[in-house]
Amino acid sequence: MAAKSSKLHIAMFPWFAFGHMIPFLHISNQLAQRGHTITFFLPKKAQSKLQHLNSHLHLITFHPLTVPPVDGLPPGTETASDISRSLTHLLAIALDRTSDQIGAALSTLNPDILLYDFAHWAPDLASQMGIKSIYYSVVCAAALRSVSVSVAPPGYPSSTVVLRPHELRLKESINKPNGEGVTFQQRHTTAVARCDAISFRTCQEIEGPVCDYIGNQHGKPVFLTGPVLPKPSTLTPLQDQWAEWLGAFGSGSVIFCAFGSENIMVQDQFQELLLGLELTGLPFLAALKPPLEAATVEDALPEGFQDRVGGRGVVHGGWVAQPAILSHPAVGCFVSHGGYGSMWESLTTHPHIVLMPEYVDHILTARLLADELKAAVKVEKGENGLFSKERLCAAIKTVMDEESEIGFRVKKNHAKWKETLVSPGFMSNYIDNFVEQLHGLLDQN
């Protein structure tokens, strides 16, 4: 039994996607800062891309995994950013086939606790070795329920952070194979049902009621870690090319658009997005992956686009330091896909937030930000899920226009939540409480 004063050894096993591995590494850094030892399981190739985010090399040890080959998965695939979303189910097979490696490592290392998400078999494996397991969710809490507005169960605490009837088609994917003999729904239902506790990367002030509801539904203790964002001083600095480019524009005048490392659009919507940015007449930097039909972003630009926008618009197909860009004074608007990490980064920085969600968890994040917190604006889409350049332009103008009543309300609410989240001690108190809860879980033995 662990004593309250003892230091813990915690193993981390996130899904093989940077949108999951990075938040797991953020919480690892916070725990290591408090003297706890971390073993972090990840694909071999991902280690070099995450090494610079490891702030405690003496306490956080990367344990590289050999990702097994799977029929249909391109050779060398190790993370979700290596493939299109249509092949994710094959990467899930590869994740499951690392169970022998995970089991051998856990048996040798004997950590106190295992944090995981997609590996539905991990809690049973940990239990066999006397290791406590925690399902750690790094997406919008409501995504664990994905309820429809027409079938919200009794007691569900939100009438806004739900799917609309026409969006239920998006839930069809959760009943498709996501591994060998398991659907996405079954994977996460099992992962949550078998754990000793559920943890969310969120705070009581923003998603507390939904988290409490989920915990009660599963009969599990719920631990909240807070947003878990790195200190600004530890962030990757802004690259010189972007510092120079942004420096040419006035304060709050630039639109920054980024959709994450795993979101790939079809070419028609990719071009519609760029035409919408052009239509605003404002300077913009769009960091996007090439659409499905093109090898590079340059190949996919609308006809005559570069000649029309000139130097005021840049479309970049490579990686950028998003937090550093959001912190630049020239950036006044952030057009985002509604990823959960981007939600926290945008709430704690100054640019106004415009959301263009496509997938279930992003739609729910957008509902949380725009409809419940009223701190952002969503781009309206048709029931077919498509948006127009005019609607994108209108949403951006809403938050950028000083005379807009909606924009004024959104800015006011955004500023309120930013003040709360960055207030001294807010995030560290959540981590300290989380550590106490970890000890409490071990004391139940």
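In every chain, residue numbers begin from 1 and rise along the written sequence. Residues qualify for local features only when their pLDDT is at least 70, as the model is predicted, and side-chain atom pairs are given and counted only at 80 or more; totals for whole chains, interfaces and linings, by contrast, use all residues. No hydrogens and no water enter the side-chain calculation; it runs on all heavy atoms of the structure.

A. Just the overall build of the protein, in detail. Strands are runs of DSSP state E lasting at least two residues, helices are runs of H or I lasting at least four, and both sets are numbered from the N terminus onward. Scanning the protein from N- to C-terminus turns up 16 helices and 13 strands. Considering only C-alpha atoms, the protein reaches an extent of 65 × 50 × 45 Å along its principal axes. Between two residues, a contact is recorded if the distance between any of their heavy atoms is within 4.5 Å. Long-range contacts, defined here as pairs at least 24 residues apart, represent 69% of the contacts in the protein between residues at least 6 apart. Approximately 18400 Å² of the protein is accessible, and the part contributed by carbon and sulfur atoms is 52%. Accessible surface area values rest on a Shrake-Rupley calculation with a 1.4 Å probe, where residue burial reflects the displayed protein chains alone.

B. The pattern of salt bridges, seen in detail. Within this document, salt bridges are pairs made up of a side-chain nitrogen of Lys or Arg and a carboxyl oxygen of Asp or Glu, the two lying within 4 Å of each other. Under the defined criterion, the tally for this structure stands at ten salt bridges. Across the salt bridge formed by D96 and R187, the nearest N and O atoms sit 2.7 Å from each other. Placement of the pair is D96 in helix α3 (residues 88-96) and R187 in helix α6 (residues 184-193), with a sequence separation of 91 residues. Summarising the burial analysis for this pair, D96 and R187 share the class buried. A network of salt bridges, in which partner residues are shared, links R164, R367, D371 and K378. Buried, partly exposed and exposed residues are distinguished by accessible area as a fraction of the type maximum, computed with a 1.4 Å probe on protein chains only: under 20%, between the cut-offs, and over 50%, respectively.

C. Representation of helix α15 (residues 405-421) within the structure. Expected span of a helix, by definition, is 1.5 Å for each gap between consecutive residues, and there is one gap fewer than residues. In a regular helix each residue adds 1.5 Å, so 17 residues correspond to 24 Å; α15 covers 25 Å between its end C-alpha atoms and thus fits that length. Every buried residue belonging to α15 is among G407, V410, K411, N413, H414, W417 and L421, and all of these are buried. For α15, the elements touching its buried residues are α7 (204-218), α12 (340-347), β12 (352-355), β13 (377-378), α14 (389-400) and α16 (426-442). Regarding α15, its N-cap is S404, as a side-chain oxygen of that residue lies 3.5 Å from the backbone nitrogen of I406 further along. A 3.5 Å cut-off defines polar contacts: any pair of N or O atoms within that distance qualifies, except that in protein one atom must be a possible hydrogen donor and the other a possible acceptor, and neighbouring residues in sequence count only when both atoms are side-chain atoms.

D. Representation of unusual backbone geometry within the structure. The backbone of N110 shows a phi angle near 50°, a positive value even though the residue is not glycine. The backbone of K374 sits at a positive phi, close to 50°, despite the residue not being glycine. On the secondary structure map, K374 appears in the loop between α13 (360-372) and β13. A relative accessible area of 39% places K374 in the partly exposed class.

E. Quick peek at the packing of aromatic side chains. Any Phe, Tyr or Trp ring, taking Trp's six-membered ring, that has another such ring centre within 6.5 Å forms a pair; planes under 30 degrees apart are called stacked, those over 60 apart edge-to-face, and the others tilted. In this structure the tally under the stated criterion is 16 aromatic pairs. Note on F13 and F41: the rings are 6.1 Å apart at their centroids and 85° apart in plane angle, and the pair reads as edge-to-face. Of this pair, F13 sits in strand β1 (residues 9-13) while F41 is found in strand β2 (residues 37-43), placing the two residues 28 residues apart along the sequence. Grouping residues by exposure puts F13 and F41 together as buried. Taken together, the ring pairs in this structure connect F13, W15, F16, F41, F118, W121 and F184 into an aromatic cluster. Here, over-ring charges are defined by two tests on the NZ atom of lysine or the CZ atom of arginine: distance to the ring centre within 6 Å, and angle to the ring normal within 35 degrees. Over the aromatic face of Y359 sits the side chain of R85, whose NZ or CZ is 3.5 Å from the ring centroid.

F. Representation of the environment of V192. Mapped onto the secondary structure, V192 falls in helix α6. On the basis of relative accessible area, V192 is assigned to the buried category, the value being 2%. Apart from residues no more than four positions distant in its own chain, V192 is found in contact with Y135, L144, I198, H218 and K220.

G. Quick look at the packing of helix α1 (residues 18-33) against α16. Under this scheme, a helix contributes an axis fitted over its contacting stretch, all axes are lines through C-alpha atoms, and angles between N-to-C directions fall in the 0 to 180 degree range. Taken N-terminus to C-terminus, the directions of α1 and α16 make an angle of 80°; their axes are 11 Å apart at the nearest point. With respect to each other, α1 and α16 are oriented roughly perpendicular. Each of I27, Q30 and L31 in α1 lies in contact with α16, whose residues at this interface are I431, F434, V435 and L438. Here the term charged refers only to Asp, Glu, Lys and Arg, the term nonpolar to Ala, Val, Leu, Ile, Met, Phe, Trp, Tyr, Cys and Pro, and the term polar to all other amino acids, Gly among them. Of the residues contributing to the contact of α1 with α16, the split by class is six nonpolar, one polar and no charged. Angle categories are assigned with fixed cut-offs, so that under 35 degrees is roughly parallel, over 145 is roughly antiparallel, 65 to 115 is roughly perpendicular, and the rest are oblique.

H. Molecular detail of the pairing of strand β10 (residues 313-316). Going residue by residue along β10, you find G313 and V315 tucked away on one face and V314 and H316 tucked away on the opposite face as well. Summarising the sheet, strand β9 (residues 284-287) and β10 pair through four bridges and their orientation is parallel. Looking across to β10, one finds that A286 is bridged to V315. DSSP-based pairing: two strands are paired if at least 2 bridges between them are found.

I. Broad picture of the environment of I396. With respect to the helices and strands, I396 occurs in helix α14. Residues I396 and E298 lie 98 residues apart in sequence; the distance between their C-alpha atoms is 24 Å.

J. Broad picture of the sheet that holds strand β8 (residues 254-258). Read from one edge of the open sheet, six strands run β10-β9-β8-β11-β12-β13, paired in parallel fashion. Where the open sheet ends on each side, the last strands, each with one partner, are β10 and β13.

K. Up close: the nonpolar core. Only buried residues count toward a nonpolar core, which is a set of Ala, Val, Leu, Ile, Met, Phe, Trp, Tyr and Cys residues joined through side-chain atoms within 4.5 Å. Judged by nonpolar contacts, the single largest core of 73 residues is most densely connected at F13, L114, I206, W344, L347 and L369. For this core, the element with the highest residue contribution is α13, accounting for seven residues. Dropping the residues within four chain positions of it, F13 is found in contact with F24, F41, L65, L95, T98, I102, L114, L115, Y116, D117, A119 and W121. Core analysis: the second largest hydrophobic core is formed by 32 residues, I27, A32, L115 and I431 among them.

L. Spotlight on the pairing of β12. Here β12 shows no split at all, with H352 and V354 on one side and I353 and L355 on the other all buried. Bridge count between strand β11 (residues 331-336) and β12: four bridges; the pairing is parallel. Bridging across to β12, C333 finds its partner in H352. Summarising the sheet, β12 and β13 pair through two bridges and their orientation is parallel. Residue pairing for β13: L355 is matched across the bridge by K378. If the strands point away from the viewer and the path from the first strand over the helix to the second runs clockwise, then the crossover is right-handed. Remark: the β12/α13/β13 crossover connection has right-handed handedness.

M. Summary view of the environment of P14. Positionally, P14 belongs in the loop between β1 and α1. Taking C-alpha positions, P14 is 5.3 Å from Y116, a pair spaced 102 residues apart along the chain. Among all residues touching P14, those that are not within four sequence positions of it are H20, M21, F24, F40, F41, L95 and D117.

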